[in-house]
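These are the residues of each chain, in order.
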Amino acid sequence: MIKPIFVLAETALETIPEEIRNDRIVVNYCKKKRKDACEVLLDQSYHHKAILKLKDHEKRGRPDIAHFSLLEATSIPLYFENRVRIYVHTVGDKIIEVGENVRLPRVYERFVGLIENLYVKNVIVSDNKVLLRLYDGSLKDLIAKLKPSIVIGLSRLGKESTFKNVALFGLKYERPIFIVGGFAKGTFKDENKLLMNNIFSISKYSLDAHVVVARLLYELEKNLDVIK
């Protein structure tokens, strides 16, 4: 049985990195939240000037991308019926494994609180069921663990195609991984591109990650029904 795997990669989801934890903006924000910096998510809305000091700053501090994308991925029949596995790889090389039948908060502030709690506890459990699990790991580590039949990346720098054709191409294989960037600007790191067997571009426009996620998963859902 074909079961695609979806990965949101290099996602701009991380706690405040050590390099800027002493920045005045960060210190004041953490005091207001009454949390240590290691327990607070980096967010462009609040830490913009501090983020400019970081390497690849244009790809950092956007938890909203993960929020929108995961809402799309966990709000469809493909996920309800447990026919897709979902993972998040973060810019800080953390892996978030999304369990079955997870209902993520639709309110952004509650989502942030949930992820901050996950970074502290490493696991979120409800009714003896693991909803989210966090552990260290690069994209290479995740792919090695999942042992996919093929790894497909979506990037504006890839070979031109369509959502439907990308889905059909991947569904030729029993365990395809589809990777979408979880950042606002730029492209995948070179070392992560090398992990991908094929890279496709599905639009001449620069589309938001959650739009790509929604359209890709819809095509997977539709064509999985045809294949089976």
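Look above for the structure.
Treat the numbers as computed from the prediction; the structure is a model and nothing was measured.

1. A look at the overall build of the protein chain
And then number 1: Along the backbone of the protein chain there are nine helices and eight strands.
And then number 2: Judged by the C-alpha coordinates and their principal axes, the protein chain covers about 55 × 40 × 30 Å.
And then number 3: Per-residue burial over the protein chain gives 49% buried out of 228 residues.
And then number 4: Sequence-distant contacts, at least 24 apart, represent 74% of the contacts inside the protein chain between residues at least 6 apart.
And then number 5: Put simply, the protein chain shows about 11,800 Å² of open surface, and 48% of that area lies on carbon and sulfur atoms.
And then number 6: Across the protein chain, the mean location of the 38 positive side-chain charges is 2 Å away from that of the 29 negative side-chain charges.

2. Brief notes about the packing of aromatic side chains
And then number 1: With the rule as written, the count across this model stands at four aromatic pairs.
And then number 2: Between phenylalanine 183 and phenylalanine 188, the aromatic rings sit 5.7 Å apart at their centres with planes inclined by 90°, giving edge-to-face as the arrangement. Neither phenylalanine 183 nor phenylalanine 188 differs from the other in exposure class; each is buried.
And then number 3: In textbook terms, an aromatic cluster arises when at least three aromatic residues are bridged by ring pairs, as seen for Phe169, Tyr173 and Phe200.
And then number 4: Stacked on the ring of phenylalanine 183, the Lys or Arg lysine 59 has its end atom at 4.3 Å from the ring centre.

3. Section: the packing of helix 1 (residues 24-33) against helix 2 (residues 44-51)
For any two helices packed against each other, the geometry comes down to the angle between their axes and how far apart the axes lie.
And then number 1: Following both chains from N to C, one finds helix 1 and helix 2 inclined at 150°, their axes separated by 8 Å at the closest point. Put simply, helix 1 runs roughly antiparallel to helix 2. From helix 1, Ile25, Val26 and Tyr29 reach across to helix 2, where they touch Tyr46, His47, Lys49 and Ala50.
And then number 2: Per-class residue counts for the contact of helix 1 with helix 2 are five nonpolar, one polar and one charged.

4. Quick look at the pairing of strand 4 (residues 123-126)
And then number 1: As judged from the four bridges shared by strand 4 and strand 5 (residues 129-136), these two strands associate in the antiparallel manner. In the sheet register, valine 125 faces strand 5, and the bridge partner there is valine 130.
And then number 2: Once strand 4 ends, the chain turns through two residues before running back antiparallel as strand 5, passing aspartate 127 with a positive phi of about 50°.

5. Focus: helix 7 (residues 163-170)
And then number 1: Turning to helix 7, its buried residues number three or more, namely Phe163, Val166, Ala167 and Gly170. One side of helix 7 carries all its buried residues, which in axial view fall inside an arc of 100°.

6. A short note on the sheet that holds strand 7 (residues 176-181)
And then number 1: The strand order across the open sheet built from eight strands is 4-5-3-2-1-7-6-8, with neighbouring strands paired in mixed fashion. This sheet does not close on itself; its edge strands, each paired only once, are strand 4 and strand 8 (198-201). On average, each strand axis in the sheet is tilted by 25° relative to the strand beside it, whichever way the strands run.
And then number 2: Alignment of strand 6 (residues 150-160) against strand 8, held across five bridges, turns out to be parallel. Residue pairing across strands places leucine 154 opposite phenylalanine 200, the latter belonging to strand 8.
And then number 3: Sitting on the sheet, helix 7 touches strand 6, strand 7 and strand 8, and the angle it makes with strand 6 is about 155°.

Definitions and cut-offs
- Residues numbered from 1 in each chain as written.
- Predicted model: local features only at pLDDT ≥ 70, side-chain atom pairs only at ≥ 80, totals over all residues.
- Heavy atoms only, no water.
- Helix = DSSP H or I, 4+ residues; strand = E, 2+ residues; numbered from the N terminus.
- Buried < 20%, exposed > 50% of the residue type's maximum accessible area, 1.4 Å probe, protein only.
- Contact = heavy atoms within 4.5 Å.
- Areas by Shrake-Rupley, 256 points an atom, 1.4 Å probe, with all protein chains shown as cover.
- Lys, Arg positive; Asp, Glu negative; His and termini not counted.
- Charge placed at Lys NZ, Arg CZ, Asp CG, Glu CD.
- Phe/Tyr/Trp six-rings, centres within 6.5 Å; stacked < 30°, edge-to-face > 60°.
- Lys NZ or Arg CZ within 6 Å of the ring centre and 35° of its normal.
- Axes fitted to C-alpha atoms, helices over the stretch in contact; angles between N-to-C directions.
- Parallel < 35°, antiparallel > 145°, perpendicular 65-115°, else oblique.
- Nonpolar A, V, L, I, M, F, W, Y, C, P; charged D, E, K, R; others polar.
- Pairing = 2+ DSSP bridges.
- Arc of directions from axis to C-beta.

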